[in-house]
Every structure is written in C-alpha cells, then in structure tokens.
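# Observations on the model geometry
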Amino acid sequence: MAVHLSGSDRSTRAAAAFGFAVALIVAAVGALMLTTGDRLDRSGLRFASDEVVGTIGHSIGGLVSRAVELGIPLADLYGVDGYLQGVIAANPEVDGIAITDADGKALFQQTRRAGVAFDATVTVPIRRGDTVVGQIAIDPSYGVATMVRLRLVAAALAASLFAGLLAGLWYRIYRLELIDLPRARFVASSRAVGRGGFADYTPPPEDSPLRPLGRAAVRLIVPVRRQARNAAALADEIRAIDVTKTFSGRVDAALQPLAAYRFDHLRQPVRRHGWGGWMALPVFALVEAARPLVAGFAADRIGTDPLTEVAIGLALSGDALGRLIGVLAAYAIALWLPRAGVVLGLLVAAAGTAATFTIHETLPFAAARIAVGFGLWLSAWSLLARTGGLARRPWQGALLLVALWGIGPILGGLVAEILGRRTGFLALGGAIAALSAVCLLQPYRPTSRTVFAWRPAAASDILAPLIAVLAVTAWLEVHLSGHVMRDNYAGMALQFGLAATAMTLPWLVPTRLPATAGAALAVAAVWLAVLTPAPAFLVSPIAGLGLGLVWAALASRTYSLPAATGMTLGLLGAGALGGASFWTGADPLTLTAGIATAALAALAANALISKRLPRSAPGHTATGEGS
C-alpha cells in the first residue's frame, strides 16, 4: 500500500526533475540574453558612465581654470591631492583623477586603490583664456555598469529558480491530484470489495473500472450477507441462553472466519474532490512576497544608524506577533467558519501590504506588518486545519510552506527590482486583494477531523522549528535584507531562491533525519557566516536545507499548533534579538547564533534525557499523529 500513497517518491522525483529542467531552460535563455552582443555597450551604460565622469571632470576643470586665471601656476596649486581624493570617495563612478600640464606630464594624481594602473579614458581641457595649459584626466570605474550587470545576472538566476520551483510545485500538485490520490483510492476501493463491502474512493468520472466490479461483487455476496446476519442473530440467541458458557466458545470459533467481512452494512459510493486549498497557494505566496523588502524598508524609516536595529526589530517582531494572534484565531474559528477565516485573513493581509505605499514612519509600518502577519497565518492555518487529511498526506502542507517561504519572496524581490520597493508593496497588495476572491469559489469539504489541535507534543515539535526559523530569519531578513543587501532586491530574490531550493531537497530522499539535526544545520549556517567570510550563496542554501530537514522530519506535525507556535516564536525571536542588539552592542547575527545554540543544546539535552527515561506501558502512551 505504501507505493500507492500520495507521498509517492516516484512522483516527487519526477516533479524535481521537471522543475530542474525548467530552471535550466530559463537560466540558459537568461545567459544567452546577457552574453549576446555585449548588452552593456548596446544599452548605453558605458556611454552614460562616461557622461557622468565628464561632468565631474568639467566641474574640477572649472575650479582649476579659475585658479590659473588668477595667476597661480598650475604646478603650485595647494590642497589638490586632498580635494581629488574627496571627489573620488564621493563618486563611485571614478577610479582615479590626474591633473597634467600641456605636455601630458602628471602634476597631481590620486587613485581609489593603490598599486592599480591608471588608465584615463575621459579628458577635460584646462584653459587660461583660449590657451590650453593642461587637462583633467579621469579613469572611470564603470561601477554603475558593473552593478547593473551583476543585478541582471542575479535577476536571471533568481528567475530561473522561481520558474523551476513553480514548475516543480505545479507538476507535484498535478501528479498528487490526478495520479497518486486516484491510485491510492483505487487500492482502498479494491480492499473494500475484498472485505465484502463496496465504497468508491475514485474521482468523480463515471467510467471507473472499479464500479462494475464492485457492484457485481456486492450482488454476488448478498445471499452470503443475509445468511451471515442470520447466523450472527442465532449466535446471539445461543449466547443468551448458554449460562454455563458451554457452547459460546464453539460458536465464536465457527464465526471467526467471517470476522474479516463487513456484512453488517453496505457502503454507498463516496465522491472525493480535489483539495480546494491549491487555489489559495498563489495568494499566500503573494502575501509572503514582501518579506525581502520588510527589513530594508523599516531601516530606511530611521535616518540614525544606531536606531536602524530597533526599526528592523519592530517590523519583524510586529509581523511575528500578528502571526501568533492569527494562529490562535485560526485555531478558535477554523472548525466553525473556515471560509471566513481564509478570506478575511487574506483581505486583512492585502490591506496591510498595500497601505505600506503611504507609510513613512516606523510605528505605522510595524502596525501594518502586524495586520499582514495576522491575516496571512489566520488564512493559512484556517485552510490547513479545516480541510483535514494532512496527517496522512503531508505533501499538501509541505507544498504550501514551500510556496510561502520560498516562491513568494523570490517574486517579491523581482517585483521590487522592476517597480521599486514602495510601488512593489502597492502592486502586491492589489494582487492579493484581487486573487482573494478566488478562494470564495473553492469547495471546503466539511470534516470534524483536524490535525490543527494542541496535543501532547515532543519538545522537538516546538523547539526544532523555533530554532530553524530563528536562524533562517536572522540570516535572510535581519542580516541580508536589513543591512548587506538592503537595496539589492535582485540579490535578495536570489538568496531566498537558493534557500527555498534547498528546503525541498529533504523530500527527495526516503531517509528522514531527526528534526534536531535540521535545526543544528540551520544554526551551523549562521555560525559559518559569523566566523568566516563565507559567501552568501553558500550560507543561504545551508540554512534553507536545515529548515527543510525540520519540516520533513516533523511531517504532518508541522501543521499542528505546537509547531505553528514554534515557527511564530522563531520569527518573533529574530526580530526581538535584532532590536536588542541596539542596547547590548552585539552584532545581531552573532547574538542570534549564541541564543540559538543555547536553545539547541537544551533540545539535545532533552532528547538525551528522554531516551534514558523508562518508557510508559503501551496502554498509557499518548496518541500518535494519526490518531
């Protein structure tokens, strides 16, 4: 039966291969567009850089010309070296400046980096009246052109990862709903026929090959069913008058072969529709698309550098606080108003995202993030809780989390790179509001069974996601988005893409490592960034892989209230520790790494103690995740 379940490894590998192929195709197209015909020259970036450098040269030449016209010899000008060095420091487009006489002999020369050859390509004459007495020679750095090219490369790579993840996600959903689940339902129906009953678990089409087989089996077994009921009634009468229990044992032994058959009722065909939550995934992804922009936007609300940590902490902590309230609200209303929870949450998130377009202060922005966090997790966990079935089909929830934590932020970084950060918030808010209407049209299968409930949970169910989310958020959002790549939206999209791709890898192998191992890997990634000059493209996938290992290890328990609370507290801790660095003076990343390591040690100690404690009797153990 395992090969027919919805978590089929074959489908998972097929989706991964399809996504990888799509990513390679998009990357190849992007590389072709970037390399064919020297796009930098054709786009005029070098010409624009030369124009900027020429303007700087004319400004310097005008000052020098006025000094020469006053009778000061060109070689005797005072304070020129310091002035030229200041110009170079203030203008990244300039690598070096030299002032030469009429014969081309350098009188003054300053460069940005010592020991680098001076190669002037832009010259401006120095005149005294109509006579040229010297020239300003400038070595352009073409820093803007280089930065634009790097941004284009990062955007192309991020777009390829986005396309690959999106294609793999779509194909996995396709195989889940149209191949894996119908196959599992066919097997379940066949087993029902083998037990003497018939229940149609296949999808709605009427041409299921199991229907005539099941109905024929039911017709043939009707006489046997009738005789079995008569025998059961006779056995009950014998047991009632058999005071000495002389015949009861013999009766039970005679009826034992019939125990495997269900002769007491005839199950009617049951239609199973696809999961209505798939259409909500694009909306959830759009809500999370603003994550690469939040920390940088918050930092820019305050001009004083020491207070930027407080601004970042307020924004991220507000987001996490809203999510915590949203999780509790979803737990409270999901069983009664599931559709209201989903749609109301998305509309609140849309309003909070779009309102950022008009916000210019720190506290209003933190309030907007509270609304966004509340709306997102109210809708997401209302959906996960109400639709049921995730205890046996954790792939549905895993795909939802990948869309939230991976695909959305990539899209947000690319949108901000194209439209700008503030306009990007407005565009995302409008798109969320427009697509939220789709959720009103989706069916929500009523069920009293939910995996979203507080139950006795292991410490790893709470601490492992808390530690992993704390490490990933501190690295991606506090460190990269808030400081290193504050305005590099394409670079942030690439980093989130690398982390999201790594999050999916644990699902491609059948072996599941403990959740503690995933949390340890995420913390190790942060320490790698703190202790070594490791590049971001190495740290991000390691951190993402750690979070993915935690999700894969917890499986369906990822969508329970303990794990949801742990993830929320991880977000809250990352924001709070970032703000606390203003008072402690410690680096936010180092402070987070230390706290996460202490929490990891506590989790490992708890696991060690739990292994050494005597186990309870089987009859007194807590129910498992499938209960």
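Attention here is on the structure that accompanies the text. Every value quoted in this text rests on a predicted model; they were computed, and no experiment measured them. (Residues numbered from 1 in each chain as written. Predicted model: local features only at pLDDT ≥ 70, side-chain atom pairs only at ≥ 80, totals over all residues. Heavy atoms only, no water.)

Below, the discussion takes up the sheet that holds strand S2 (residues 106–111). As summarised here, the arrangement of the four strands in space is S2-S1-S4-S3, forming an open sheet in which the pairing is antiparallel. With partners counted over all chains shown, the strands left at the sheet margins are S2 and strand S3 (122–128), one partner each. Averaged over neighbouring strand pairs, the angle between their axes works out to 15 degrees when direction is ignored. Note that strand S1 (residues 94–101) and strand S4 (residues 131–140) share seven bridges and pair antiparallel. The partner of Ile 99 across the bridge, within S4, is Ile 136. (Pairing = 2+ DSSP bridges. Helix = DSSP H or I, 4+ residues; strand = E, 2+ residues; numbered from the N terminus. Axes fitted to C-alpha atoms, helices over the stretch in contact; angles between N-to-C directions.)

Attention now moves to the nonpolar core. As a rule of thumb, soluble globular proteins bury nonpolar side chains together. In terms of nonpolar packing, the biggest core is built from 102 residues, with Phe 365, Trp 377, Trp 381, Trp 405, Ile 410, Trp 475 and Leu 547 touching the most fellow members. Top contributing element to this core by residue count: helix H15 (residues 459–484), with twelve residues. Setting aside chain neighbours within four positions, we find Trp 405 in contact with Arg 291, Trp 377, Val 469, Phe 496, Met 503, Leu 547, Trp 551 and Leu 571. Judged by nonpolar contacts, the second largest core, of 22 residues, contains Ile 60, Leu 84, Val 94 and Ile 97. (Core = buried A, V, L, I, M, F, W, Y, C linked by side-chain atoms within 4.5 Å. Buried < 20%, exposed > 50% of the residue type's maximum accessible area, 1.4 Å probe, protein only. Contact = heavy atoms within 4.5 Å.)

Counting buried residues along S1, eight of its eight residues qualify, which places the element largely inside the surrounding structure. Pairing of S1 with S2 involves five bridges; the strand directions are antiparallel. Across the sheet, residue Thr 100 finds its bridge partner in S2, namely Ala 106. Where S1 folds back onto S2 in an antiparallel hairpin, the turn is made up of four residues, including Gly 104, whose phi is positive at roughly 90 degrees.

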